[in-house]
Amino acid sequence: MAEAVILMNNISKVYKKNAVVKNFSLDVKKGSICGLIGPNGAGKTTIMKILAGLIFQSEGGLSFYGSSDDLDSNRKRMSFMIEAPIVDHQMTAYENLNYIRYVRGYPDEKRIDEVLDIVGLSNAGKKKAAKFSLGMRQRLGIAMALLTKPEILVLDEPVNGLDPEGIVEVRRILQRLSYEQNTTILISSHLLSELSEMCTDFSIISSGRLVENLSAEELDKRCRNHIVVRTNDIDRTAAVLEDKLSIRSYKAVHGGIIEIYEQLDNIEKISKTITDSGLIITKLNEEGKKLEDYYLEKVGGSNE
Ligand code: ADP
């Protein structure tokens, strides 16, 4: 099992008497892309600020690379983009990156061209940030975060407000970083659908509380809720399901289709038993809830 590079254990944050994060736990594995998903106001930024050391938790433990001592020295291996990236609009992309390079004391100026290339802004390095689209600005923010070659990248809603094309671009950049450099990424969003294709793990949060931590495979499994089968003879298929597979929970729907609600892990056996009975299968697949519906059920309600 991969090493936990970020571990939050029962973290709470209280402002005056208002607990905005309550007993939140998170375990981010090395090399994973972990999506911190929750509606607006759920506590995502607060959690990321605690990780960055911008604010302190009121209770609970935090460790990086297995150590809760000297968190700041491990923070040097990480980069954070929290809320909108701080971009000087009067400077070009290159100048913004060079400024960050000075502030962070990073000696290698060649790295600027490298990060511009990674985020697909090589041709825009000399353009003033004021002329950038929102997507370009977000990518410049990611370039700033990448400047110091972090092992862990923490990004707060980096695709918020981007059009679908912009979301795909950011996703590609992050997937490449994960694949090529094994960068660990913690990324937040209020929409699961924006991150569902890129994350290996999810942490769902609502009203400051952890709803669940689960892997992409587990999430897929949870959303699966029936098998759809169509054959050349619906009545005989129903008889096979009952007599040979002891399946009772199924329903014949329109178009000669049967939906099966049990034995979801037995799709191969179901398929073989039907064909061995001389029937012809013309459609067979697992179907289920959309990820976004599952998430909305979990966080209770609609998500603006
Ligand atoms: P998210 O990033 O999921 O949208 P936040 O972490 O920004 O959520 O906010 C969680 C809750 O904490 C919100 O209700 C917000 O109003 C509250 N909050 C955030 N910062 C402060 C603060 N400095 N003082 C008091 N309340 C705050």
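Conventions and cut-offs
Residues numbered from 1 in each chain as written. Predicted model: local features only at pLDDT ≥ 70, side-chain atom pairs only at ≥ 80, totals over all residues. Heavy atoms only, no water. Domains from an automatic or database assignment. Helix = DSSP H or I, 4+ residues; strand = E, 2+ residues; numbered from the N terminus. Expected span 1.5 Å × (residues − 1). Buried < 20%, exposed > 50% of the residue type's maximum accessible area, 1.4 Å probe, protein only. Contact = heavy atoms within 4.5 Å. Axes fitted to C-alpha atoms, helices over the stretch in contact; angles between N-to-C directions. Left-handed = near helix turned anticlockwise from the far one by under 90°. Nonpolar A, V, L, I, M, F, W, Y, C, P; charged D, E, K, R; others polar. Near = heavy atom within 4 Å. Polar contact = N/O pair within 3.5 Å; in protein donor to acceptor, adjacent residues only side chain to side chain. Areas by Shrake-Rupley, 256 points an atom, 1.4 Å probe, with all protein chains shown as cover. Core = buried A, V, L, I, M, F, W, Y, C linked by side-chain atoms within 4.5 Å.

Asker: Mind laying out the domain arrangement of the protein, listing which residues take part and the relevant values?
Answerer: Once the domains are mapped, the protein shows domain 1 (4–215) and domain 2 (225–287). Of note, the centres of domain 1 and domain 2, computed from C-alpha atoms alone, are 45 Å apart.

Asker: Explain helix 3 (residues 93–104) to me, using residue names and the numbers behind them.
Answerer: If you check helix 3, its first and last C-alpha atoms are 17 Å apart, about what 12 residues at 1.5 Å a residue would give, namely 16 Å. Turning to helix 3, its buried residues number three or more, namely Ala93, Asn96, Leu97, Asn98, Ile100 and Arg101. Those residues of helix 3 hidden inside the fold are in contact with helix 4 (110–118) and helix 5 (134–146). The positive-phi residue at the C-terminal boundary of helix 3 is glycine 105, with phi of around 65°.

Asker: So, the packing of helix 9 (residues 234–245) against helix 10 (residues 267–276): which residues are in play, and what are the values?
Answerer: When two helices pack together, their arrangement is given by the angle between the helix axes and the distance between those axes. Between helix 9 and helix 10, whose axes approach to 10 Å, the crossing angle comes to 115°. In this structure, helix 9 crosses over helix 10, and the sense of that crossing is right-handed. Between helix 9 and helix 10, the contacting residues are Thr237, Val240, Leu241, Lys244 and Leu245 on the first element and Lys269, Ile270, Thr273 and Ile274 on the second. Of the residues that constitute the contact of helix 9 with helix 10, the class distribution is five nonpolar, two polar and two charged.

Asker: Lay out the site of the ligand in plain terms, naming residues and giving numbers.
Answerer: Near the ligand you find Tyr15, Val20, Pro39, Asn40, Gly41, Ala42, Gly43, Lys44, Thr45 and Thr46, and these make up its full shell. Contact distances for the ligand include 3.1 Å between an oxygen atom and a backbone N or O atom of alanine 42. Out of a free accessible area of 560 Å², the ligand has 58% covered by protein chains. For the shell around the ligand, the class distribution of residues is four nonpolar, five polar and one charged.

Asker: Give a detailed account of the nonpolar core, specifying residues and quantitative values.
Answerer: Membership of the largest hydrophobic core comes to 47 residues, with the highest contact counts inside it found for Leu97, Leu121, Leu140, Leu146, Leu153, Leu174 and Ile187. The dominant element in this core, judged by the number of residues it contributes, is helix 5, at seven residues. Those residues in contact with leucine 174 that lie beyond four places of it in its chain are Ile33, Leu153, Leu155, Ile185, Ile187 and Met198. Counting 27 residues, the second largest nonpolar core, distinct from the first, contains Cys34, Ala52, Leu71 and Ile152.

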